[in-house]
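Structure at a glance
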Amino acid sequence: MSQNPSHRHAPEGDLVLTAFEGVVGAANLLATVGDMARYLVDARGRYRGAALCVVRPANTAEVAATVAICARAGIAIVPQGGNTGMCGGATPGAQGRSVVISLERMRSIREVDPANSTITVDAGCPLAAVQEAASEIGKLFPLSLGSEGTCQIGGNIATNAGGTAVLRYGPMRDLVMGIEAVLPDGRIWNGLRGLRKDNTGYDLKHLFIGSEGTLGIVTGAVLKLFSQPAASAVALVALPDVGAALALLERIRCEFGERVTTFEVMSDSEYQLVLALRTELRSPLAGQAPWYAFIELTDAIEALDLRTALAETLGEVMEAGGINDATLAESGAQAENIWHIRHSVTEANLKAGAAVSHDTSVPVSRVPEFVAGVEDGIRTRFPDAKSYFVGHIGDGNIHAIAIFPREKFLDPQRFSEVAGEVNALVDEVTVSLGGSVSAEHGIGRSNRARLQRHKDPIELEFMRQIKRVFDPAGLMNPGILL
Ligand code: FAD
Ligand code: MLT
Ligand code: ZN
């Protein structure tokens, strides 16, 4: 067993480590500072913690045995997937008393059922691997995120992830048919049902979706598959303002119905930031515009010429002055370039300075008011910052980002105070429009105070009671969500 050189465990700690080693073997019990390092910091380097050890089980039985040891010893557990979460939910606290359970070795595709249009997978399967397995049988698993190469199905379930195809297929909550989970006392709940109809009372799986590791560890899932699109059209559109994006979305939806798979927007500030930082990317548009829309239409029927139909519609809207310019991808490579621009925002924002990001949803019709309110507030109350917007306008989910020059905030404490003030400004606008302070990223460690402030007290009370029913000892991901 490897020991942490800087920290001698108490004898009972040694016993627990020995017990974990008995379950997963020495190679999958990490207890030195060096071995644990990458599990103790999140993907953006914003949250850092400490842990007693990291355990890497190979299957559900090993997860259950590990959790049972923790339950007996009263040790807190931090479930960890791909560690790409935005809110610090997979990073342990600073005290070093919890155990990180990483699902990275649980990557099996357990079963593909084409006739039922389902796939059953281990929770540690990376999202991209599930997409690939679906595509191998001519089907589609539609969840699509910038982090899809790394994030895992268990993490997608625990955060109820969204992304760029929610408009057509819904968030993770709409894509999960069954769940297997290890409960905080070590029992295994097998809810791996592939049923499209099951009206037998409360639906437990929905409590796990969006629970951020606070009720148990998701170890497997049955997911819905769809027809693979055979025809598609991808367009990048330059717009005079964000209101024009809404009008265009409405027009395109009227004409193409559910073929509108993706409709995303980006402010020019964000667009220029991405192009400046990712110099290998080229804008396919001739000039600049205040806003851009990224559109994808798809259909299962190959003969449908979606590209020509979309070009005609965009031409008409342009003639009527509703958009400034538009370009349609003529090849897979051109479509990829357009999506590359869209998916580079997280990296660009991280490099651009001291960024305060938000994950707001408001009713779709009120997005222009949200953008105007935030832009105005940042300009007047934080003159050092610049505002950037990107997001899923079809879901009413816009990410508003305020970026300050990094040198202004060498002191992290001062940055965190200012970030709190920016959050308060954005929340004020959000709440006035009947919105939510977290649309798709979750609450984690970073948004707990905002949840307490803005969630209905009755909902909060029931959430706390549900947490107590599953986890009376409070060992599952303490300090996260509630
Ligand atoms: P982790 O980060 O490991 O964990 C997230 C939370 O889930 C933690 O609370 C953790 O304890 C819990 N958890 C993880 N696995 C399990 C499990 N098996 N059982 C129980 N609890 C578990 N998110 C979006 O919604 N939409 C986007 O468009 C989007 N784009 C992104 C782009 C980039 C470049 C990056 C870096 C992130 C993006 N994200 C996005 C955020 C992130 O990828 C998602 O939240 C994702 O679902 C997290 O999955 P993960 O496996 O990395 O989870
Ligand atoms: C996105 O929409 O690109 C993601 O949610 C990531 C982000 O907000 O940075
Ligand atoms: Zn997003």
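The structure we're discussing is the one just above.
Predicted model, so just to flag it, every value in this text is computed and none were measured.

What about the overall build of the protein?
Within the protein one finds 16 helices and 19 strands. On C-alpha atoms alone, the protein measures out to a radius of gyration of 23 Å, which is about the 23 Å that the 2.2 N^0.38 rule sets for 482 residues. In terms of overall dimensions, the protein has C-alpha extents of about 75 × 55 × 45 Å along its principal axes. For the protein, with 482 residues in total, the buried portion stands at 47%. Residue pairs in contact within the protein that sit at least 24 positions apart in sequence constitute 74% of those at least 6 positions apart.

Quick notes on the site of ligand 1
Near ligand 1 lie 37 residues; those nearest to it are G81, G89, G154, G155 and G213. Those elements that place two or more of their residues in the shell around ligand 1 are strand 3 (77-80), helix 5 (153-159) and strand 10 (217-224). Taken together, the residues that form the shell around ligand 1 break down as 14 nonpolar, 21 polar and 2 charged.

Notes on the pairing of strand 14 (residues 291-299)
Counting buried residues along strand 14, 8 of its 9 residues qualify, which places the element largely inside the surrounding structure. Pairing geometry for strand 12 (residues 231-239) and strand 14, over 9 bridges, is antiparallel. Each residue of the ladder has a partner; that of L236, found in strand 14, is F294. Looking at chain direction, strand 13 (residues 260-267) and strand 14 are connected through 7 bridges and run antiparallel. Bridge assignment links T262 to a residue of strand 14, and that residue is E296.

Parameters at a glance
Residues numbered from 1 in each chain as written. Chains lettered and ligands numbered in written order. Predicted model: local features only at pLDDT ≥ 70, side-chain atom pairs only at ≥ 80, totals over all residues. Helix = DSSP H or I, 4+ residues; strand = E, 2+ residues; numbered from the N terminus. Rg over C-alpha atoms; globule rule 2.2 N^0.38 Å. Buried ≥ 20, exposed ≤ 12 C-beta atoms within 10 Å, placed from the backbone. Contact = placed C-beta atoms within 7 Å. Near = placed C-beta within 6 Å. Nonpolar A, V, L, I, M, F, W, Y, C, P; charged D, E, K, R; others polar. Pairing = 2+ DSSP bridges.

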